[in-house]
2 protein chains.
Amino acid sequence: MINTAINISKVSESKFTSIDLDNVTFGTIYTDHMFFCDFKDGEWQQPQITPYQPLQLDPSARVFHYGQAAFEGMKAYKDEHGDAWIFRPEENWKRINFSARRLAMPEVPEEVFMNGLKTLLEMDKQWIVPGKGNSLYIRPFLFATEAGVSAAPAAEYKFMIICTPVQAYYKGGEVKVKISDYFSRAANGGVGATKAAGNYAASFYPTNKVKEEGYQQIIWTNSTHEYLEEAGTMNVFFRIGDKLLTAPTDDRILDGVTRKSLIQLAKDEGIEVEVRKVSVKEVTEAARKGELKEVFGAGTAAVVVPITGVGYQDEHFDLPKLDNPYSTMLKEKLLNIQYNITEDKYNWTQKI
Amino acid sequence: MINTAINISKVSESKFTSIDLDNVTFGTIYTDHMFFCDFKDGEWQQPQITPYQPLQLDPSARVFHYGQAAFEGMKAYKDEHGDAWIFRPEENWKRINFSARRLAMPEVPEEVFMNGLKTLLEMDKQWIVPGKGNSLYIRPFLFATEAGVSAAPAAEYKFMIICTPVQAYYKGGEVKVKISDYFSRAANGGVGATKAAGNYAASFYPTNKVKEEGYQQIIWTNSTHEYLEEAGTMNVFFRIGDKLLTAPTDDRILDGVTRKSLIQLAKDEGIEVEVRKVSVKEVTEAARKGELKEVFGAGTAAVVVPITGVGYQDEHFDLPKLDNPYSTMLKEKLLNIQYNITEDKYNWTQKI
């Protein structure tokens with residue numbers, strides 16, 4: 001590292017007060033500042049915070065051609081005392097570097113990531129709106145900037161953090177999912193476990209296909225379409241009887257921070273959790289017998305998303321409406337920790 | 001389409017004469033102009049040609065986050081009369097739209113693609129240097145520009161064409177390949193058959209791994225690692241005895257223009273060509289018996305790349321040095337058509 005101190009250039013006037021946060025579409029308005037750090041000549045350059053502004057890139061920049069790009073999703077929360085919190089940020093730092101290694105990009109030093117994150121949040125703290133459900137979505141991302149269309153890893157990269165205020169990701173409406181028996185999001189020995197940009201592009205067309213059938217998301221299956229892997233862009237949990245099932249992470253399945261937090265919370269509630277391959281057969285058979293009580297997605301953006309129905313080939317299974325579903329209980333427990341409402345015995349949260 | 005006529009803004013002075021083309025690294029110098037056409041409000045806008053220049057993009061532009069991006073590779077050649085030629089451009093137009101559909105991007109109208117391509121080449125014709133081996137590499141590409149980090153297909157895109165002078169892609173040196181028994185470049189029901197940017201990012205780390213073992217490229221295998229699919233970023237052919245084998249295109253294997261042209265040329269030379277699944281087992285067994293005579297890669301950038309050795313797990317097979325290999329013969333036949341040296345009975349070439 002040439003110089004680890006962040007070179008800061010502030011906006012002359014915040015645009016915060018001019019924005020009607022109640023009527024903002026997720027991910028369209030960004031806070032006053034952005035953080036970035038360039039990698040070139042084999043090393044990370046001095047990190048910078050500047051007013052949020054467009055980037056200039058050569059048309060031959062590698063990211064447009066060879067897709068070396070990965071991101072993270074995180075959130076900052078404000079408690080009733082006005083203190084701001086982030087949740088397990090070291091997991092996101094580790095995972096962006098897992099993605100970086102698999103996509104042949106340089107790893108982001110812990111200091112660049114953490115210092116950038118905390119300084120940026122400190123500067124744009126007023127954008128973290130108090131109240132459960134409100135949060136500031138944080139998007140760290142890393143991509144290849146080097147000019148030149150030679151199909152090889154780039155020598156130059158940019159790591160950035162931008163932030164956008166968020167209320168609820170899935171604004172109401174039911175979420176029904178269809179189990180894929182043709183499309184896959186990830187290959188064996190591929191990049192499914194990373195948050196590679198290309199994984200998302202590959203998922204849109206199959207998702208559009210299930211939308212045409214009246215579903216909102218696809219449940220991805222393995223290469224033989226026998227095992228359930230993820231739902232849309234989330235990890236997925238199945239409750240059969242009183243037992244909670246979710247697939248183990250591997251080279252196709254993302255090691256989700258929400259996923260692992262929910263597993264811990266569920267176990268500590270005395271729920272039996274099995275982390276193992278979950279077959280299409282056992283889930284559809286349980287559904288036919290009325291034993292499939294819940295299915296829910298888990299991810300940073302949406303936190304916990306209860307699924308109301310599951311389709312597979314020509315069958316459709318509506319899930320029962322329970323009085324006290326695991327999904328609601330676990331989501332509440334997680335949110336209460338994230339918003340500093342209950343004690344965080346896990347040391348998951350960090351004060352900004 | 002709002003207006004199909006290209007809005008043209010020319011450079012005041014070409015930079016062509018100031019560049020020493022003999023000492024240019026592939027893909028680092030671009031011609032004087034670039035073509036682009038934006039998609040927004042549900043339609044393609046007026047196409048433009050401007051001086052080659054940087055792009056301005058919001059940090060939240062979807063291409064950085066969700067990887068909606070695909071490209072094509074083509075070449076223009078100059079014959080001894082000074083006429084410039086392109087090779088099967090309609091195949092590239094069809095394929096970028098195949099990629100576009102699978103990545104949930106809008107298709108590029110034929111007129112935008114072809115008119116843009118031909119007008120740009122006409123304007124930058126002096127950059128197509130005569131002489132076999134010299135060519136102008138053409139890079140059409142399409143990517144999501146819309147600002148906003150919501151994980152959904154973008155509503156705004158840019159289609160561009162940029163050009164870079166090229167001599168030889170693999171400048172000398174042998175190419176040895178290692179057969180993958182762990183990594184995959186494509187999933188069943190995935191995007192391997194497209195030229196999605198993310199496919200290339202995913203391939204770099206496994207390629208680096210085989211480089212550490214002294215190989216230059218990886219031969220990709222299917223999800224069970226039993227069948228041979230592609231070599232690096234090329235299609236791959238195997239000659240066992242006097243028979244030529246190559247994998248059929250499917251949802252994991254790119255429908256290469258060079259690949260299909262070589263199949264045609266080989267058949268017309270009376271060579272027995274089998275387009276079918278090629279197993280690791282049969283190729284390694286043939287190698288052990290000395291019956292594996294040739295392996296070569298085929299792609300636009302490198303045309304035909306003879307492979308001198310193949311590794312699989314702990315074995316390594318050096319390939320024989322033949323007097324008249326198929327690879328050299330087929331490459332010459334193809335180049336002679338591309339450079340308008342021999343008659344093009346296939347109607348593959350088009351004059352600019």
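About the cut-offs
- Residues numbered from 1 in each chain as written.
- Chains lettered and ligands numbered in written order.
- Predicted model: local features only at pLDDT ≥ 70, side-chain atom pairs only at ≥ 80, totals over all residues.
- Heavy atoms only, no water.
- Helix = DSSP H or I, 4+ residues; strand = E, 2+ residues; numbered from the N terminus.
- Buried < 20%, exposed > 50% of the residue type's maximum accessible area, 1.4 Å probe, protein only.
- Contact = heavy atoms within 4.5 Å.
- Areas by Shrake-Rupley, 256 points an atom, 1.4 Å probe, with all protein chains shown as cover.
- Buried area = accessible area lost by both parts, 1.4 Å probe.
- Salt bridge = Lys/Arg side-chain N within 4 Å of Asp/Glu carboxyl O.
- Polar contact = N/O pair within 3.5 Å; in protein donor to acceptor, adjacent residues only side chain to side chain.
- Least-squares fit on C-alpha atoms with pLDDT ≥ 70 in both.
- Axes fitted to C-alpha atoms, helices over the stretch in contact; angles between N-to-C directions.
- Parallel < 35°, antiparallel > 145°, perpendicular 65-115°, else oblique.
- Left-handed = near helix turned anticlockwise from the far one by under 90°.
- Domains from an automatic or database assignment.
- Pairing = 2+ DSSP bridges.
- Phe/Tyr/Trp six-rings, centres within 6.5 Å; stacked < 30°, edge-to-face > 60°.
- Lys NZ or Arg CZ within 6 Å of the ring centre and 35° of its normal.

Undergrad: Would you mind going over the overall build of chain A with me for this structure?
TA: Counting its secondary structure elements, chain A contains seven helices and 22 strands. Expressed as lengths along the three principal axes of its C-alpha atoms, the size of chain A is roughly 60 × 50 × 35 Å. Relative to its 352 residues, chain A shows a buried fraction of 60%. Intrachain contacts of chain A at a sequence separation of at least 6 include 73% that bridge at least 24 residues. Summed over its atoms, the accessible surface of chain A is roughly 13,500 Å², and 45% of this surface lies on carbon and sulfur atoms.

Undergrad: Is there a simple way to think about the interface of chain B and chain A in this case?
TA: Buried accessible area, meaning the area lost when the parts come together, often serves as the stated size of an interface. At the junction of the two partners, chain B supplies 59 residues and chain A supplies 59 residues. Between chain B and chain A the total buried area reaches about 4,800 Å² when both faces are included, carbon and sulfur atoms providing 63% of it. When residues of chain B are sorted by the area they lose upon contact with chain A, B:P59, B:F64 and B:F204 head the list and together hold 14% of the total. Counting across the chain B and chain A interface gives zero salt bridges. At the boundary of chain B with chain A, the tally comes to 25 residue pairs in polar contact (both at pLDDT 80 or more).

Undergrad: Explanation requested: the relation of the copies chain B and chain A in the structure shown.
TA: Turning one copy of the chain about an axis and sliding it along that axis gives the other copy, so a rotation and a shift relate them. Overlaying chain B with chain A gives an RMSD of 0.0 Å, the required rotation being 180° about an axis along which the chain moves by 0.0 Å. Such a turn and shift between the copies fits a two-fold axis.

Undergrad: Teacher, can you tell me more about the packing of helix 2 (residues 89–102) of chain A against helix 3 (residues 110–123) of chain A here?
TA: A pair of packed helices is captured by two measures, namely the crossing angle of their axes and the spacing between those axes. Residue and element names in this part refer to chain A. Running from amino to carboxyl end, helix 2 crosses helix 3 at an angle of 135°, the nearest separation of the two axes being 10 Å. One way to sum up the angle between helix 2 and helix 3 is to call them oblique. Here helix 2 runs over helix 3; the crossing is right-handed. Note on element contacts: helix 3 touches helix 2 through E110, F113, M114 and L117, opposite P89, E90, N92, W93 and I96.

Undergrad: What is the right way to look at the domain arrangement of chain A in this model?
TA: Residue and element names in this part refer to chain A. The domain boundaries assigned to chain A delineate domain 1 (7–166) and domain 2 (176–338). Spacing between the C-alpha centres of domain 1 and domain 2 amounts to 28 Å. Between domain 1 and domain 2, the contact holds 20 residues from the first and 24 residues from the second. The junction of domain 1 with domain 2 conceals about 1,800 Å² of combined surface from both sides, 61% of it contributed by carbon and sulfur atoms. Remark: the boundary between domain 1 and domain 2 carries two salt bridges.

Undergrad: Before we go on, may I ask you to explain the pairing of strand 9 (residues 135–144) of chain A in this structure?
TA: On a regular strand, one side chain projects to one face of the sheet and the next to the other, so that they alternate. Residues and elements named next belong to chain A. Judged by how many residues are buried, strand 9 sits mostly within the fold: 10 of 10 residues are covered. Alternating residues of strand 9 divide into S135, Y137, R139, F141 and F143 and L136, I138, P140, L142 and A144, and every residue in both groups is buried. With three bridges joining them, strand 6 (residues 69–71) and strand 9 adopt antiparallel strand pairing. Its bridge partner being in strand 9, A70 is matched across the sheet by L142. With three bridges connecting them, strand 7 (residues 74–78) and strand 9 associate as antiparallel partners. Paired with A76 across the strands is L136, a residue of strand 9.

Undergrad: Whenever I open this one, the packing of aromatic side chains confuses me. Can you help?
TA: What characterises a pair of aromatic rings is the spacing of the ring centres plus the angle enclosed by the ring planes. Considering all chains together, one arrives at 39 aromatic pairs over all chains under this definition. An angle of 55° between the planes, with centres 5.6 Å apart, marks the rings of A:Y200 and B:Y66 as tilted. Of the two residues, A:Y200 sits in helix 4 (residues 197–212) while B:Y66 sits in helix 1 (residues 62–66), which places them in two different chains. The pair A:Y200 / B:Y66 is uniform in exposure class, with both members buried. On the basis of an interplanar angle of 70° and a centroid distance of 6.5 Å, the ring pair of A:F204 and B:Y66 is categorised as edge-to-face. In this pair, A:F204 sits in helix 4 while B:Y66 sits in helix 1, so the two residues belong to two different chains. Judged by its relative accessible area of 4%, A:F204 falls in the buried class. For B:Y66, a relative accessible area of 2% corresponds to the buried category. For A:R239, the ring lying beneath its charged end belongs to A:Y326, and the centroid distance is 3.7 Å.

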